[in-house]
Structures are given as structure tokens and as C-alpha cells.
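Chain by chain, the residues run as shown.
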Amino acid sequence: KAEVLQRRREFSGDRERSIIGINTGCAATIPYKKLTIEAHVELLGILQSLCPESALVLLGGREDTKRNQAIAAKARHRGVLVKESSTGLGLRDGMISVAACDVVVTGDSLGMHMALGLDKAVVAWFGPTCAHEIDLYGGEAVLTKAPCAPCWKRSCEKPLMCYDQVDLFELAQAV
């Protein structure tokens, strides 16, 4: 409990405010369960405009460290205030970061399941996987507009990917 409160203070700064966690990664099994770096940057900008009083925090695992650094750098260049959670300290530390958030925006990934297990509000987007197989316990599901979804494919050669057909404004509004 004390670790979660400390992490909330790290994320929210000097004032109490809601914390929106954005989980940026997914397992290598189905890599299309994560948005592009540019889409995450755009989503952060939309979230900041819709939720200006909230703290925005990038979440992820060890494999997402460089990706989160790139997202954060590009977002900050565009004037978006975003923090990065530690990604290299293991699962327990990741759970503390998720627990410190009020809502988690994520693809269908371990981060989504962690947030659900911690009883966090979840806004999840679905592309290659099936939203109907996941109980979000009152959370919101945003589905890709791709006509071929869900497909469960581990590789895809389509010129317009399912993750490129997720409405980022709809995702941010669901928060």
C-alpha cells in the first residue's frame, strides 16, 4: 500500500489528480496488439486535451523501455506532459505502477489483465483478438474498424493494419 501511494505521488507530482496509465506493449506472440509509436503519441495528445488535469503515464515491461522513451520524447516535443514508469524492475514493480493508476488504456495484453486483476478502470482496444472473450468488468472496449478482425494472426501483410484502424479519439473519449 505504501509503495502504491509513493508511486502515485511520483506520477501525479505535487498535487492529487487522476492518473491515466497507457500500456504501450504486448507479447511478441501477436505483435499487432500494440499501437504504433506515432499512434501512442497522437493518443497522448488527445488525452491531454480531453483530460488536462490528469497525469499521463506510460506503462510497459522490460521490452518496452526504448519504445516508451521514443513515445515520451516525441510526445514531449509536441508539448504533451507525460511520465514514464520504470520498465526494467520486474513484474512486481510493474504491478505497483499499474496499481497507482486510476484508469489504464491498453491493448489486449498482460497489462490489461494486470489492471483488471487490480480492479482498475480499463479502456482496451482490440484488433487481432476478440473483445467478446474478455470481461472488462465495466470497462470499455474499442474495436478496430478493420473488416478482417478478429483474426488471431501472428503475421499479417495487409497494407493497412488493424491497429491503424483504431479510432484514437473514441479510445480517449472512453477514458
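Enquirer: Would you take a moment to explain the overall build of the protein for this structure?
Expert: For the protein, the count of helices and strands is six helices and six strands. The C-alpha radius of gyration computed for the protein amounts to 15 Å, which stays within 12% of the reference 16 Å derived for 175 residues, consistent with globular compactness. Along the three orthogonal principal directions, the C-alpha set of the protein runs to about 45 × 35 × 30 Å. Residues classed as buried in the protein amount to 48% of the 175 residues present. When contacts within the protein are restricted to residue pairs at least 6 apart in sequence, long-range pairs at least 24 apart make up 62% of them. Only carbon and sulfur atoms are counted for the fraction: they give 54% of the accessible area of the protein, which is about 8,900 Å². Here the protein contributes 21 positively and 21 negatively charged side chains, and the mean placements of these two sets differ by 5 Å.

Enquirer: Sorry if this is basic, but what is going on with the packing of helix α1 (residues 2-12) against helix α4 (residues 91-99) here?
Expert: In a packed pair of helices, the relevant descriptors are the angle between the two axes and the axis-to-axis distance. The geometry of α1 relative to α4 is characterised by a closest axis approach of 8 Å and an angle of 65° between their N-to-C directions. Considering only the axes of α1 and α4, their crossing is right-handed. From α1, E3, V4, R7 and F11 reach across to α4, where they touch R92, D93, I96, S97 and A99. Looking at the contact of α1 with α4, its residues break down into four nonpolar, one polar and four charged.

Enquirer: Just checking my understanding: could you explain the sheet that holds strand β4 (residues 103-107) for this structure?
Expert: The strands making up a sheet associate through hydrogen bonds between their backbones, and the pairing can be parallel or antiparallel. Read across the open sheet, the six strands follow the order β3-β2-β1-β4-β5-β6; overall the sheet is parallel. Bordering the open sheet on either side are β3 (82-84) and β6 (140-143), each of which pairs with just one other strand. Across the sheet, the mean angle from the axis of one strand to that of its neighbour is 20°, orientation sign disregarded. Seen against the sheet, helix α2 (residues 37-50) touches β1 (19-23), β2 (55-59), β3 and β4 and runs at an angle of roughly 165° to β1.

Enquirer: Please clarify how the state of the cysteines should be interpreted in this entry.
Expert: Disulfides are covalent bonds that link the sulfur atoms of two cysteine residues. Under the defined criterion, the tally for this structure stands at zero disulfides. Just so you know, C101 is unpaired, no disulfide at all, and the nearest cysteine sulfur is the one on C51, 13 Å from it. Distance from the sulfur of C148, which forms no disulfide, to the nearest cysteine sulfur (C151) is 5.7 Å. What makes C148 partly exposed here is its relative accessible area of 37%.

Reading guide: rules and limits
- Residues numbered from 1 in each chain as written.
- Predicted model: local features only at pLDDT ≥ 70, side-chain atom pairs only at ≥ 80, totals over all residues.
- Heavy atoms only, no water.
- Helix = DSSP H or I, 4+ residues; strand = E, 2+ residues; numbered from the N terminus.
- Rg over C-alpha atoms; globule rule 2.2 N^0.38 Å.
- Buried < 20%, exposed > 50% of the residue type's maximum accessible area, 1.4 Å probe, protein only.
- Contact = heavy atoms within 4.5 Å.
- Areas by Shrake-Rupley, 256 points an atom, 1.4 Å probe, with all protein chains shown as cover.
- Lys, Arg positive; Asp, Glu negative; His and termini not counted.
- Charge placed at Lys NZ, Arg CZ, Asp CG, Glu CD.
- Axes fitted to C-alpha atoms, helices over the stretch in contact; angles between N-to-C directions.
- Left-handed = near helix turned anticlockwise from the far one by under 90°.
- Nonpolar A, V, L, I, M, F, W, Y, C, P; charged D, E, K, R; others polar.
- Pairing = 2+ DSSP bridges.
- Disulfide = S-S within 2.5 Å.

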